[in-house]
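Summary of structural features
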Amino acid sequence: MIHEKRVLLKNLGKINPASIDDYEKAGGYKAIRKALDMNHLLVIDEMMNSSLRGRGGAGFSTGLKNKFTSESCLRCEQKYLICNADEGEPGTFKDRIIMENDPHLLIEGMLIAAYAIGASKAFVYLRGEYYRSIDMVTLAIKTAREKGYIGSKIFGSDFSVDIEIRLGAGSYLCGEELTLLESMEGKRGYPRIKPPFPAEKGLFGYPTLVNNVETLATIPVIIAEGSEWYSKLGIPESPGTKIFTISGDVANPGFFEVEMGTTLRDIVYGLAGGIKDGKRLKAMLLGGAAGTFVDETVLDTPMAYDSLKEKGAVLGSGAIMVLDETRSILCMTQSILEFFKHECCGKCVPCRVGTDRLVRMIKDINRGNENRFTLEEMVDEAGYIAKTSLCPLGQSPIMPLASLQRYFNDQF
Amino acid sequence: MIKSTADIFSDFKGTEDDLIPVLQKVQENFGYLSQKSMMDVGRFLRIPTSKVWATATFYTQFRLKPIGEKHIMLCRGTACHVKGAPRILDEIELKLGITEGETSSDGKYSLESVACIGACGLAPCILINEDVKGRLTPKLVNKLFEDKERRDQDVE
């Protein structure tokens, strides 16, 4: 029997998330004290040694990202830290669980990251529709500021930092780090050309570190327990734990924190109780709309960045959407493609025209017309969009489509 | 209580990056962004109204028209879609007599669809103002908006 391994969610249900005292009694705000006693380079070393990979979906090394931002533009008088809490990938609600149940863990992680890179100003860019998360994080910032944990010369050190909350205004695209920066500057959420990466030129042109909520919430654990302890969790290619969110046709939809490398079978059948109403499994969509479809042959693959890649799948944000035998893959595909069309910002012509064209193609296929488009043609089109668009949205439709070609070609 | 735009502006330092937070406050206060309020915002931040307009029309949160008392946001995320969100939308539209993007003539209800609201475990779901209503069925929708029907009958 598989059990959850709660590292990030260790306080879940045990403390009152509105109480800073509860968090401290449970050992909170010790990691930041420990970090402030260390040289900031050592803090970054700890992140490097932990091999933590960004939990927002891209899986880039957190230590490296911190290192680049810390080393970039040493003469700059300002650096920024931004917590990306604009969680919007369909099927994903892990950040919300952290913010609603243990907001101080996120604040502590932000303080440590800000210290590591030398940022004196930090923002939480929070999804505007996450009302409860907004309340909890706002309260956490307020109480931490009252206690002097946010502000000037925190915990008796020479380090000063302020944290401010900014609310997203409803754009899926703004969850992407460069677009997020545009939005923070008050502009339309259009993607920027990269390079330069935020580590060189981010918010208002200053070096900026943008990290996901789950990533930042992991940092206090790494500092408190040590990178060696942390890197022993999970499997060597992807150490640590991960919060997976399961929705769709399972008996117990919800969230589960498990060690990296746990198999899909353990998560879907062990933790989520298997397929609802005794039906058979048809497909799973991993990583949300910008994710990949897989079938039951992937059930025994360890859930980790590289092992899934070999199967033509992605871990992404940790969303798992389960479809039983009665669901139509074609209908799902149409829903996903309509989502991309709707969220396309319109800046890059191939994406603007292409996402619309993909919707027409899938509708044509769904109607069952003679001489209808083929999946191959759609993959072709999506591949062209991916090559000629600036941001991850244009690079996304190819993901589900290519996975359909691999696993569900017979459905078209 | 409704404040004037000047009152709202006093909480901000007035730089360009305040644009979205200022618009959010203005909308929270007046329920929508009027042409005049957007011109005020432009003057306050010293940016052209066209730029205010450009930002306001990009983000789905901003509305240029007044909104109903009950703001219904239907999640059109993938999990909700699988669990029957289109049927829920049909049912709500039928029940309230408005289509997506409209406000009922009595100003009671507005209906919009939004991107995944992260309540996928409760799919299909809607937000009514700030409350999540999950695990919806057409029957439950019927019950949720029963009052509306009763009130209409009273009028008749």
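As the structure is a computational prediction, the values presented were derived from the model and not from experiment.

1. A look at the pairing of strand 2 (residues 121-126) of chain A
Residue and element names in this part refer to chain A. Across the six residues that make up strand 2, a large majority, six, are buried. The alternating pattern of strand 2 places Lys 121, Phe 123 and Tyr 125 on one face and Ala 122, Val 124 and Leu 126 on the opposite face, and all of these are buried. Looking at chain direction, strand 2 and strand 3 (residues 162-167) are connected through six bridges and run parallel. Considered in strand 3, the bridge of Tyr 125 is made with Arg 166.

2. Description of the sheet that holds strand 1 (residues 70-75) of chain B
All names here are of chain B. Pairing is mixed across the open sheet formed by four strands, whose spatial order is 2-1-3-4. The open sheet has two edge strands with one neighbour each: strand 2 (109-114) and strand 4 (131-133). Here the average twist between neighbouring strands, direction ignored, is 25 degrees. Of the strand pairs in this sheet, strand 1 and strand 2 are connected by six bridges, and their pairing is parallel. Its bridge partner lying in strand 2, Cys 75 is registered against Val 114.

3. Here's the deal with the state of the cysteines
Per the counting criterion, the structure on display carries one disulfide over all chains. The partner cysteine of Cys 73 of chain A in its disulfide is Cys 76 of chain A, sulfur to sulfur 1.8 Å. What sets the handedness of the Cys 73 of chain A and Cys 76 of chain A disulfide is the S-S torsion sign, and at about 85 degrees it is right-handed. Looking at Cys 73 of chain A, the relative accessible area reads 33%, which means it is partly exposed. We note that Cys 80 of chain B lacks a disulfide partner, and the nearest cysteine sulfur, in Cys 75 of chain B, lies 3.6 Å from it. Summary of cysteine pairing: Cys 120 of chain B is not part of a disulfide, and the nearest cysteine sulfur, belonging to Cys 116 of chain B, is at 3.7 Å. Residue Cys 120 of chain B is classed as buried on the basis of its relative accessible area of 5%.

4. Considering the packing of helix 2 (residues 19-30) of chain B against helix 3 (residues 35-45) of chain B
Residues and elements named next belong to chain B. Running from amino to carboxyl end, helix 2 crosses helix 3 at an angle of 145 degrees, the nearest separation of the two axes being 11 Å. Relative to helix 3, helix 2 is oriented so that their crossing is right-handed. Across the interface between the two elements, Leu 19, Val 22, Leu 23 and Val 26 of helix 2 pack against Ser 37, Val 41, Phe 44 and Leu 45 of helix 3.

5. Topic: the domain arrangement of chain A
Residues and elements named next belong to chain A. We note that the domain assignment places domain 1 (20-231), domain 2 (237-324) and domain 3 (329-411) within chain A. A separation of 23 Å is found between the C-alpha centroids of domain 2 and domain 3. Between domain 2 and domain 3, the contact holds 18 residues from the first and 15 residues from the second. When domain 2 packs against domain 3, close to 1300 Å² is buried across both sides, 72% of that on carbon and sulfur atoms. Contact with domain 3 buries area across many residues of domain 2, yet Lys 282, Ala 289 and Phe 293 alone supply 44% of it, more than any other trio. Summed over the shared surface of domain 2 and domain 3, the number is zero salt bridges. Counting every contact that joins domain 2 to domain 3 gives three residue pairs in polar contact (both at pLDDT 80 or more). Breaking the side of domain 2 that touches domain 3 down by element, the ones donating at least two residues are strand 9 (281-286), strand 10 (292-294) and strand 11 (319-324). The class makeup of the residues in the side of domain 2 that touches domain 3 is 10 nonpolar, four polar and four charged.

Reading guide: rules and limits
Residues numbered from 1 in each chain as written. Chains lettered and ligands numbered in written order. Predicted model: local features only at pLDDT ≥ 70, side-chain atom pairs only at ≥ 80, totals over all residues. Heavy atoms only, no water. Buried < 20%, exposed > 50% of the residue type's maximum accessible area, 1.4 Å probe, protein only. Helix = DSSP H or I, 4+ residues; strand = E, 2+ residues; numbered from the N terminus. Pairing = 2+ DSSP bridges. Axes fitted to C-alpha atoms, helices over the stretch in contact; angles between N-to-C directions. Disulfide = S-S within 2.5 Å. Left-handed = near helix turned anticlockwise from the far one by under 90°. Contact = heavy atoms within 4.5 Å. Domains from an automatic or database assignment. Buried area = accessible area lost by both parts, 1.4 Å probe. Salt bridge = Lys/Arg side-chain N within 4 Å of Asp/Glu carboxyl O. Polar contact = N/O pair within 3.5 Å; in protein donor to acceptor, adjacent residues only side chain to side chain. Nonpolar A, V, L, I, M, F, W, Y, C, P; charged D, E, K, R; others polar.

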